[in-house]
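Coordinate analysis (summary)
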Amino acid sequence: MSAEIDLVLETACRAGITAAKICRAVLSETPESLEKGDKSPVTLADYGCQAAILKELAAAFPEHGIIAEEGSEHLRESAGEEGAEKIVRLVNDATGSSADFEQVCAWIDHKGGSVPDEEGAVWTWAIDPIDGTKGFLRRDQYAVAIGLMKDGIPFAGVLVCPNLPIDLDNPDGQRGVLFCAAEGCGATAVPVDGGETRTIKSSGLDNAGEWRVLGSVESAHGDPTLVVSMMEAGGVGGGFVRYDSQVKYGIVASGEAEIYVRPRSRPDYRENIWDHAAGTIVAQEAGAIVTDLDGRPLDFSLGPKLTENRGVLVTASPAVHQKVLEGLRVAEEALVD
Ligand code: AMP
Ligand code: MG
């Protein structure tokens, strides 16, 4: 496989950039939300991005398995004639194809083969065509997340963040960052619209008073009260900033924050692998540590959900990790009392 890493990353980056084009095209008008059965929002951009990404992956890696967030069933039910025409136009414009609606739906539903390679490894992609659809609809942060797992362990990942400022200290400047990583190859960031590729590293700040913390915009996705209690318990004093989507992994990987903490939102909630696979490998290859809130590695080998993990914790280094786990224990005990 190592000889194929370049092909994996080139294909995933190309697919991610095409998806970003679709996102921006939808945002150039007023994006409409088509609510799914579980009340979560979805847009034509989510479906269009998945079609474009899976079209690329199916062509390059027909033997790889695919676990992706969307399916065409709800699109068929809810798009109507106008929506069907629109998604066909979006996908064809971005990919240079002349597909019809059936073809677009077939791309969306591609599941791949999950056939072991000659060394016996099974390759499976975990894809969220738009992670943070709520942020996308607010014209805030969102990410196209394309992860590849080898035998259930994140191996390569591309996170395209079309609205992330290239310099977080200059939100009025150019936006759009693509993060990319593969096992043993390190992590990089490059402006989506072209520019210099740079190697990224997680932060080396060792003073807890300066550690910066990231969490979800949606309070329902991870208790912010627990995050603030952990900060107090651990003397973590660099501030708490909330972003939608896996951009949080990219920000920790770039050394712009030390901690991303995502407490389990309800006892029965299990995280989706596509919400974490690409982010995990980007963060790890930049030197960060990714576990759950009990310090256990995330187990991506159990299907679409992280059934055996409780929440997610991403930190810049082992020292930060240990300190945050201790702070969480104190904060959780205090909440129980
Ligand atoms: P974020 O913007 O980091 O909160 O992540 C967005 C992702 O949160 C979405 O793609 C959903 O899959 C996921 N999500 C939806 N509901 C919940 C929940 N109750 N707890 C945790 N994550 C959730
Ligand atoms: Mg998601």
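Preceding this section is the structure that the text describes.
In this report, we go over the structure that sits alongside the text. Because the structure is predicted, anything quoted here is derived from the model rather than measured.

It is worth spelling out the sheet that holds strand β12 (residues 259–262) at this point. Strand order in this open sheet of five strands is β11-β10-β12-β14-β13, and the pairing throughout is mixed. Of all strands in the sheet, those bounded by a partner on one side alone are β11 (240–242) and β13 (289–291). In this sheet, adjacent strand axes meet at a mean angle of 20 degrees when their direction is disregarded. Looking at chain direction, strand β10 (residues 213–215) and β12 are connected through two bridges and run parallel. Looking across to β12, one finds that Val-213 is bridged to Ile-259. Against the sheet, helix α7 (residues 224–234) contacts β10, β11 and β12, and its axis sits at roughly 155 degrees relative to β11.

So, on to the nonpolar core. Among soluble globular proteins, nonpolar side chains are generally buried collectively. One finds Ile-53, Leu-75, Ile-87, Val-104, Trp-125, Ile-127 and Ile-146 to be the most contacted residues of the largest nonpolar core, which totals 59 residues. Residue contributions to this core peak at 12 residues, all from helix α1 (residues 5–27). Counting residues in each nonpolar core, the second largest holds 37 residues, with Cys-161, Ile-200, Phe-300 and Val-314 among its members.

Glancing now at empty space enclosed by the protein. Applying the stated criterion to the full structure yields one cavity of 30 Å³ or more. The computed volume of the largest cavity comes to approximately 50 Å³. Gly-215, Ser-216, His-221, Gly-222, Pro-224, Val-227, Phe-240, Arg-242, Val-261, Arg-262 and Pro-263 are the residues that line the largest cavity. At the level of elements, α7, β11 and β12 are the ones that each hand at least two residues to the lining of the largest cavity. For the lining of the largest cavity, the residue count by class is five nonpolar, four polar and two charged.

Now for the packing of aromatic side chains. Enumeration according to the criterion identifies four aromatic pairs in this entry. Geometrically, the ring pair formed by Phe-136 and Tyr-142 is edge-to-face, given 4.9 Å between the ring centres and 85 degrees between the ring planes. By the burial criterion, Phe-136 is buried, and Tyr-142 matches it. Taken together, a centroid distance of 5.3 Å and an interplanar angle of 90 degrees make the contact between Tyr-249 and Tyr-260 edge-to-face. A residue pair is termed long-range when its members are at least 10 positions apart, and Tyr-249 in helix α8 (residues 247–253) and Tyr-260 in strand β12 qualify at 11 residues. Of the two residues, Tyr-249 and Tyr-260, both sit in the buried class.

By volume, the largest pocket is sized at about 730 Å³. As for the largest pocket, its lining consists of 34 residues, and the residues nearest its centre are Ser-40, His-221, Tyr-269, Asn-272 and Asp-275. Its residues assigned to classes, the lining of the largest pocket comprises seven nonpolar, 11 polar and 16 charged. Two domains share the lining of the largest pocket, each providing at least three of its residues, namely domain 1 (3–199) and domain 2 (208–336). What lines the second largest pocket is a set of 22 residues, among which Val-26, Glu-29, Leu-44, Lys-86 and Leu-90 lie closest to the centre. Looking at the lining of the second largest pocket, the elements with two or more residues in it are α1, α2 (44–60) and α4 (80–95). If one sorts the elements of the lining of the second largest pocket by residue count, α4 sits on top with seven residues. For the lining of the second largest pocket, the residue count by class is 10 nonpolar, five polar and seven charged.

Within the protein, the atoms that donate to the magnesium ion (ligand 2) are Asp-128 (OD), Asp-131 (OD) and Asp-275 (OD), at distances of 1.9 to 2.2 Å. Mapped onto the sequence, the donors of the magnesium ion (ligand 2) take the spacing D-x2-D-x143-D. Placement of the pair is Asp-131 in strand β4 (residues 123–131) and Asp-275 in the loop between β12 and α9 (277–285), with a sequence separation of 144 residues. Neither residue differs from the other here; Asp-131 and Asp-275 are each classed as buried.

Here we come to the side chain of Thr-18. Examined against the element boundaries, Thr-18 turns out to sit in helix α1. Judged by its relative accessible area of 10%, Thr-18 falls in the buried class. There is a polar contact of 2.9 Å between the side chain of Thr-18 and the backbone oxygen of Arg-14.

If you check the shell around ligand 1, you find 15 residues, and the closest are Ser-216, His-221, Ser-245, Lys-248 and Asp-275. At 2.6 Å from an oxygen atom of ligand 1 is found a main-chain nitrogen or oxygen belonging to Ser-245. Here an oxygen atom of ligand 1 sits 2.8 Å away from a polar atom, N or O, in the side chain of Arg-262. In this structure the site holding ligand 1 corresponds to the largest pocket. For the shell around ligand 1, the per-class residue count stands at two nonpolar, five polar and eight charged.

Thresholds, definitions, all that
- Residues numbered from 1 in each chain as written.
- Chains lettered and ligands numbered in written order.
- Predicted model: local features only at pLDDT ≥ 70, side-chain atom pairs only at ≥ 80, totals over all residues.
- Heavy atoms only, no water.
- Pairing = 2+ DSSP bridges.
- Helix = DSSP H or I, 4+ residues; strand = E, 2+ residues; numbered from the N terminus.
- Axes fitted to C-alpha atoms, helices over the stretch in contact; angles between N-to-C directions.
- Contact = heavy atoms within 4.5 Å.
- Core = buried A, V, L, I, M, F, W, Y, C linked by side-chain atoms within 4.5 Å.
- Buried < 20%, exposed > 50% of the residue type's maximum accessible area, 1.4 Å probe, protein only.
- 1 Å grid on protein atoms, 1.4 Å probe; cavity = no way out; pocket = protein on both sides within 12 Å on 5 of 7 lines; lining within 4 Å.
- Points joined across faces, edges and corners; volume = space filled by probe spheres on them.
- Nonpolar A, V, L, I, M, F, W, Y, C, P; charged D, E, K, R; others polar.
- Phe/Tyr/Trp six-rings, centres within 6.5 Å; stacked < 30°, edge-to-face > 60°.
- Domains from an automatic or database assignment.
- Donors = N, O, S within 2.8 Å, 3.2 Å for Na, K, Ca; no water.
- Polar contact = N/O pair within 3.5 Å; in protein donor to acceptor, adjacent residues only side chain to side chain.
- Near = heavy atom within 4 Å.
- Sits in = over half its atoms within 2 Å of the grid points.

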